Amino acid sequence: MTLIAIAVAAAIAAAEVTIPGPKGPLAGTLIDPGHHAPALILIPGSGPTDRNGDNPLGVKGGVYRQLADQLAAKGVATLLIDKRGMFGSKAAIADANAVRLTDYATDIAGWAALMKQRGKPCVWLAGHSEGGLVALLAAQKPKGICGLVLLASPGRPLGALLREQLKPQLPPAMMAATETAIATLEKGSKVDPATVPAPLASLFNPAVQGFLTDLMRTDPAKLAASTKLPMLIVQGDADLQVRLADAKALAAARPDATLVVVPGVNHLWKPAKADDRAANLATYADAKLAIDPAVATAVAAFVKRKR
């Protein structure tokens, strides 16, 4: 961001907002540069990722808040949200693992209703990574939704992504056991933790297997094809988690969508190289490393053009 853009973003007040959840409130932060600004809801990615984009497992730098500030400087409002059962939304449900994508989609409908109360006739759903699946699912009921912004969002079911991500990292015997576990979940069955390689125990934790099964039966390309809402797909070509093949699968499902490939950025929109895995992943924990402004530029241009 330029010094002028930073100053503009800093002058925009961030409002803490809540809506009712199943057992307690859902919490978020609204960054709105003005009543007439187009607005989007930024839906977090997988795991314990908070409204700012940070994760206690080692992701730092507030990439969602960075994006929201950059968008505010370009005249776009962003609602940052904590997922049901986590962080500011912890009281909404007793067990954060006892959720399904449809639960998250229900929450998005509630957030969209709040934005309408605040003078936004419709909102864009901007889903990052797993959040893209939530956005696509919520968009199946399009009332009050302007369109979709899919940011590093999968275009294939989770099983395919896991196989692609894990195969280069695991020895053949360990990968064979992992493949069996993935196939078991794809069939809707439970995985015996004793059969899972120790380094992957957390991935196949019994507490999250129900949610994993839900993800594996979700086909994002089919969901994309079943909505006619305007769609922007933004993908970094150095992303090690979601590949360019995923963005192309989404674009193939929706030939009228706009696909923007940002060169030299990874899954968190930070500058990185695809051929240096260790350095690429190290950027996740670098709190001082800014995201590439090209992402905000692409998003702002699209949502403002489609108003």
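Since this is a predicted model, take the numbers as computed values, not measurements.

Colleague: Whenever I open this one, helix α3 (residues 101–117) confuses me. Can you help?
Modeller: Think of an α-helix as 3.6 residues a turn; residues three or four steps apart then line up on the same face. With 17 residues, α3 ought to run about 24 Å at 1.5 Å a step, and its terminal C-alpha atoms sit 25 Å apart, in line with that. Taken residue by residue, α3 has Leu101, Tyr104, Ala105, Asp107, Ile108, Trp111, Ala112, Leu114 and Met115 as its buried positions. For α3, the arc enclosing every buried residue in end-on projection is 165°, short of the 170-degree limit, so these residues lie on one face. Across α3 from its buried face, at more than 90 degrees, point the exposed residues Thr106, Lys116 and Gln117. Gly119 lies just past α3 and shows a positive phi near 95°.

Colleague: How do you make sense of the side chain of Thr227 when you look at a structure like this?
Modeller: Examined against the element boundaries, Thr227 turns out to sit in the loop between α8 (220–225) and β7 (231–236). The residues touching Thr227, leaving out its near neighbours within four places in the chain, are Ala139, Gln140, Leu148 and Arg254.

Colleague: What is the right way to read the pairing of β7 from this model?
Modeller: For a regular strand, the rule is simple: side chains alternate between the two faces of the sheet. Within β7, six of the six residues are buried, leaving the element largely enclosed by the surrounding structure. Residues Met231, Ile233 and Gln235 of β7 are buried on one face, and the alternating residues Leu232, Val234 and Gly236, pointing to the opposite face, are buried as well. The pairing of β7 with strand β8 (residues 258–262) spans five bridges and is parallel. Counted as the bridge partner of Ile233 is Leu259 from β8.

Colleague: Would you explain the nonpolar core in this entry?
Modeller: The tendency in soluble globular proteins is for nonpolar side chains to be buried side by side. By size, the foremost hydrophobic cluster in this structure holds 60 residues, and its most contacted members are Ile41, Ile108, Trp111 and Leu125. Sorting elements by how many residues they give to this core places α3 first, with eight residues. Excluding anything up to four places from it in sequence, Leu125 contacts Ile41, Ile43, Ile108, Ala135, Ala138, Ala139, Ile145, Gly147, Leu148 and Val149.

Colleague: Mind showing me how you'd approach the packing of helix α5 (residues 158–166) against helix α7 (residues 209–216) here?
Modeller: When two helices pack together, their arrangement is given by the angle between their axes and by how far apart the axes lie. The N-to-C vectors of α5 and α7 enclose an angle of 105°; their axes lie 7 Å apart at closest approach. Here α5 lies roughly perpendicular to α7, going by the angle between them. In this structure, α5 contributes Leu158, Gly159 and Leu162 to the contact, and α7 contributes Leu212, Leu215 and Met216. Of the residues assigned to the contact of α5 with α7, the class counts are five nonpolar, one polar and no charged.

Colleague: What's the story with the state of the cysteines in this structure? I'm lost.
Modeller: In a disulfide, the sulfur atoms of two cysteines are held together by a covalent bond. In the structure shown here, the tally under the stated rule is one disulfide. What pairs with Cys122 in a disulfide is Cys146, and their sulfur atoms sit 2.1 Å apart. Handedness of the Cys122-Cys146 disulfide follows from its S-S torsion of about 100°: it is right-handed. Linking Cys122 in the loop between α3 and β5 (123–128) with Cys146 in strand β6 (residues 145–151), this pair joins segments that are 24 residues apart in sequence.

Colleague: Explain the environment of Ala92 to me, please; I cannot follow it from the model alone.
Modeller: Note that Ala92 resides in the loop between β4 (77–81) and α3. Here the alpha-carbon distance between Ala92 and Ala274, two residues 182 residues apart in the chain, equals 38 Å.

Colleague: Sorry if this is basic, but what is going on with helix α2 (residues 63–73) here?
Modeller: In terms of burial, α2 is largely enclosed, as nine of its eleven residues are buried. Those residues of α2 lying buried are Val63, Tyr64, Gln66, Leu67, Ala68, Asp69, Gln70, Leu71 and Ala72.

Colleague: Help me understand the packing of aromatic side chains, please; the structure alone is not making it clear to me.
Modeller: Given two aromatic rings, their pairing is described by the distance between the two centres and the angle made by the two planes. Scanning the entire structure with this criterion turns up three aromatic pairs. Here the aromatic rings of Tyr104 and Phe211 are separated by 6.1 Å at their centres, their planes lie at 80°, and the arrangement is edge-to-face. Pair noted here: Tyr104 is in helix α3 and Phe211 is in helix α7, with a separation of 107 residues, a long-range link. On the basis of relative accessible area, Phe211 is assigned to the buried category, the value being 12%. Considering the side-chain rings of Trp124 and Phe302, the 5.6 Å spacing of their centres and the 70° angle between planes classify their relative orientation as edge-to-face. Residue Trp124 is found in strand β5, and its partner Phe302 is found in helix α11 (residues 294–305); the two are separated by 178 residues along the sequence. Residue Trp124 shares its accessibility class with Phe302, and that shared class is buried.

Colleague: What should I look at first to understand unusual backbone geometry in this one?
Modeller: Across the chain, the bulk of peptide bonds are trans and the bulk of non-glycine residues have phi less than zero. One non-glycine residue, Phe87, adopts positive backbone phi at about 55°. For Phe87, a relative accessible area of 37% gives the class partly exposed. Backbone geometry places Ala152, a non-glycine residue, at a positive phi of 50°. Looking at Ala152, the relative accessible area reads 1%, which means it is buried.

Colleague: Could you clarify how one ought to interpret the pairing of strand β1 (residues 14–20) in this entry?
Modeller: Of the pairings in the sheet, the one linking β1 to strand β2 (residues 25–31) comprises seven bridges and is antiparallel in character. Across the sheet, Ile19 pairs through a bridge with Leu26, a residue of β2. Where β1 folds back on β2, the antiparallel hairpin that results is connected by four residues.

The rules behind the values
- Residues numbered from 1 in each chain as written.
- Predicted model: local features only at pLDDT ≥ 70, side-chain atom pairs only at ≥ 80, totals over all residues.
- Heavy atoms only, no water.
- Helix = DSSP H or I, 4+ residues; strand = E, 2+ residues; numbered from the N terminus.
- Expected span 1.5 Å × (residues − 1).
- Buried < 20%, exposed > 50% of the residue type's maximum accessible area, 1.4 Å probe, protein only.
- Arc of directions from axis to C-beta.
- Contact = heavy atoms within 4.5 Å.
- Pairing = 2+ DSSP bridges.
- Core = buried A, V, L, I, M, F, W, Y, C linked by side-chain atoms within 4.5 Å.
- Axes fitted to C-alpha atoms, helices over the stretch in contact; angles between N-to-C directions.
- Parallel < 35°, antiparallel > 145°, perpendicular 65-115°, else oblique.
- Nonpolar A, V, L, I, M, F, W, Y, C, P; charged D, E, K, R; others polar.
- Disulfide = S-S within 2.5 Å.
- Phe/Tyr/Trp six-rings, centres within 6.5 Å; stacked < 30°, edge-to-face > 60°.

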